Amino acid sequence: MTTLARPAGHDPRGTLRDTLVSRVDIARKVAAVTSLDRQALDTWAAQTLAATVEHACRNSPFYAGHVPAEVARAVAQGRPHAFEALPFTTREHLSAAYPLGMLAVPRREVIRFDESSGTGNGRPIAAFFTMADWLENNLTVAGLLSAVLDERDVAAIAVPYELAGVGQDLDRAIEILGCTVVPLGAASPTCTPDRMVDALLRSGATTLVCSGTRALFLGEIARRRGIDPRRDLAVSKILMAGEGASPAKKRRLADQWDAVAYSMFGMTETNTLAMFCPERELHLVETRTFFEVVDPASGERLPDGSVGELAVTTLASRAMPLLRYRTGDVCRIEAAPCACGSPLRRLQHRGRIGDRIPLGERWTSQLEVEDIVLGAMTTEPYYFAFDIDGDALEIALPPTGADDATRKSIEAAVRDRLGAATRFRVLDTDRFETALRTSAKPTMRNFSAYGGGGTDGEG
């Protein structure tokens, strides 16, 4: 069986010396690229894009067979619109190539092997990184995080550390900034939600890094134990990773924790794709990735300001380059300058194509439903689940949050925004919380899995 095992006979001292020298060179490269203005960044990206395509088609067995030779030559020669002739890469391609089929460097150069959770189609995909790939991303993320974090912060990181790189990446980036790191992890039997709350209290954590849903859950756990997150905990910043967040969820977190909620966006196979700024705008990490928005049906590239599917091409991934990788995320790219002064364009994330929900004669999304329901709820716990019942939206609310005013507010918003009727059920809170406790990526999901109880009224 093919493995990633390293050959014997290498020189440890020589390797260490070379590694330290390389790390200094990598840091200088990151500093140079991240200081470019918009015009210089576009020039650099165009040159790097051609080099990326050449490297992928020359060294990746997958891309050698996937990209026609004449198309690869046209991109390398800089012919107009040649890049748009490259065939897309999909998650299905990565799944079929699992585990090592996408590798584009000798195995000895790989320092990290990560895997996705398999939540996309039930099959995992692999991700590989050279030292330069990994360290460049760590340093880039650290630079972006420095907009709101510094050495005075204590950061509690409650995202997966196992196989997926998100926990490790954020851990290292935050450590580079001189912050104190509290590595909580996710869904570990040795670090339960109650122990996480204890750790937040004992460490004086100023920053909580987790999904928005987990943050709501931890706030509820604290409240039940007589700990007021606003008064008794020092958390003033919540950095959300692992799921999208509606405006209503950000407001709920702000109210619950007296904290500012920031969004991040990335994937196991790409590392970080977008990071927040002090204005809470989400900026594309264009120093590492080339971004396109394409029509989900035709694949045609759309101009900035259009809503479509996000496709990405890596610019700084030697081990596993990706060419026009269709992420499945519905996004809009905004090129207008941000008040923060960053030259990086902004991203508006609208959910995932696979999460679109048919409701009557139109489509909605989990984020839109979340915005409606959490926007109407006024009583903790801030949990809900939903299902589609024909042309009606069926909402499961906790018993404490199912008052008449909340229901009427939800009914009106569903009618006005979605053109649909609403039915209500009682959420099985114990069962729902069991799912939250045991999930590495907790989200507000369909209550056919996590809800219960009988019909409790109808709108």
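From a predicted model like this one, the values you see are computed outputs, not experimental measurements. (Residues numbered from 1 in each chain as written. Predicted model: local features only at pLDDT ≥ 70, side-chain atom pairs only at ≥ 80, totals over all residues. Heavy atoms only, no water.)

A. Expanded view of the sheet that holds strand β6 (residues 237–240). Across the sheet, which stays open at both edges, the five strands sit in the order β4-β3-β5-β6-β7 with parallel pairing between neighbours. Unpaired on one side and paired on the other, β4 (180–183) and β7 (260–263) mark the two borders of the sheet. Between one strand and the next, the sheet's axes are offset by a mean angle of 20°, whatever the strand orientation. Sheet topology note: the strand β5 (residues 207–210)/β6 ladder contains four bridges and is parallel. Its bridge partner lying in β6, Val-209 is registered against Leu-239. Against the sheet, helix α9 (residues 212–224) touches β5 and β6, its axis set at about 125° to β5. Docked against the sheet, helix α11 (residues 247–257) engages β5, β6 and β7, running at close to 145° with respect to β6. (Pairing = 2+ DSSP bridges. Helix = DSSP H or I, 4+ residues; strand = E, 2+ residues; numbered from the N terminus. Axes fitted to C-alpha atoms, helices over the stretch in contact; angles between N-to-C directions. Contact = heavy atoms within 4.5 Å.)

B. Expanded view of empty space enclosed by the protein. Within the structure shown, the criterion is met by two cavities of 30 Å³ or more. There is about 80 Å³ of room inside the largest cavity. As for the largest cavity, its lining consists of Lys-29, Val-30, Val-33, Thr-34, Trp-44, Glu-136, Thr-140, Thr-287, Arg-288 and Ala-316. Every element with two or more residues in the lining of the largest cavity is listed here: α1 (12–34) and α6 (131–145). Counting residues per element, the lining of the largest cavity draws most heavily on α1, at four residues. Within the lining of the largest cavity, the residues separate by chemical class into four nonpolar, three polar and three charged. (1 Å grid on protein atoms, 1.4 Å probe; cavity = no way out; pocket = protein on both sides within 12 Å on 5 of 7 lines; lining within 4 Å. Points joined across faces, edges and corners; volume = space filled by probe spheres on them. Nonpolar A, V, L, I, M, F, W, Y, C, P; charged D, E, K, R; others polar.)

C. Here's a closer look at the side chain of Glu-115. Among the secondary structure elements, Glu-115 is positioned in strand β1 (residues 110–115). With no salt bridge to any partner, buried Glu-115 finds its closest opposite charge in Arg-91, at an N-O distance of 9.5 Å. Among the polar contacts made by the side chain of Glu-115, one reaches the side chain of Tyr-98 at a distance of 2.5 Å. Not counting chain neighbours up to four residues away, the residues in contact with Glu-115 comprise Tyr-98, Pro-124, Ile-125, Ala-126, Leu-163, Ala-164 and Thr-268. (Buried < 20%, exposed > 50% of the residue type's maximum accessible area, 1.4 Å probe, protein only. Lys, Arg positive; Asp, Glu negative; His and termini not counted. Salt bridge = Lys/Arg side-chain N within 4 Å of Asp/Glu carboxyl O. Polar contact = N/O pair within 3.5 Å; in protein donor to acceptor, adjacent residues only side chain to side chain.)

D. Representation of the pairing of strand β9 (residues 271–276). Extensive coverage of β9 is indicated by the burial of six of its six residues. The sheet contact formed by strand β8 (residues 265–267) and β9 spans three bridges and is antiparallel. Across the sheet, the residue bridging to Gly-266 is Thr-272, located in β9. Counted along the chain from β8 to the antiparallel partner β9, the turn is three residues long. Sheet topology places β9 next to strand β10 (residues 282–284); three bridges connect them, and they run antiparallel.

E. The arrangement of the confidence of the model for the protein chain in detail. Model confidence for the protein chain is summarised by a mean pLDDT of 90, while 93% of its residues fall at 70 or above. Within the model, pLDDT remains below 50 along residues 452–459, and this stretch shows 22 contacts once partners closer than five positions in the same chain are excluded. (pLDDT = per-residue confidence, 0-100.)

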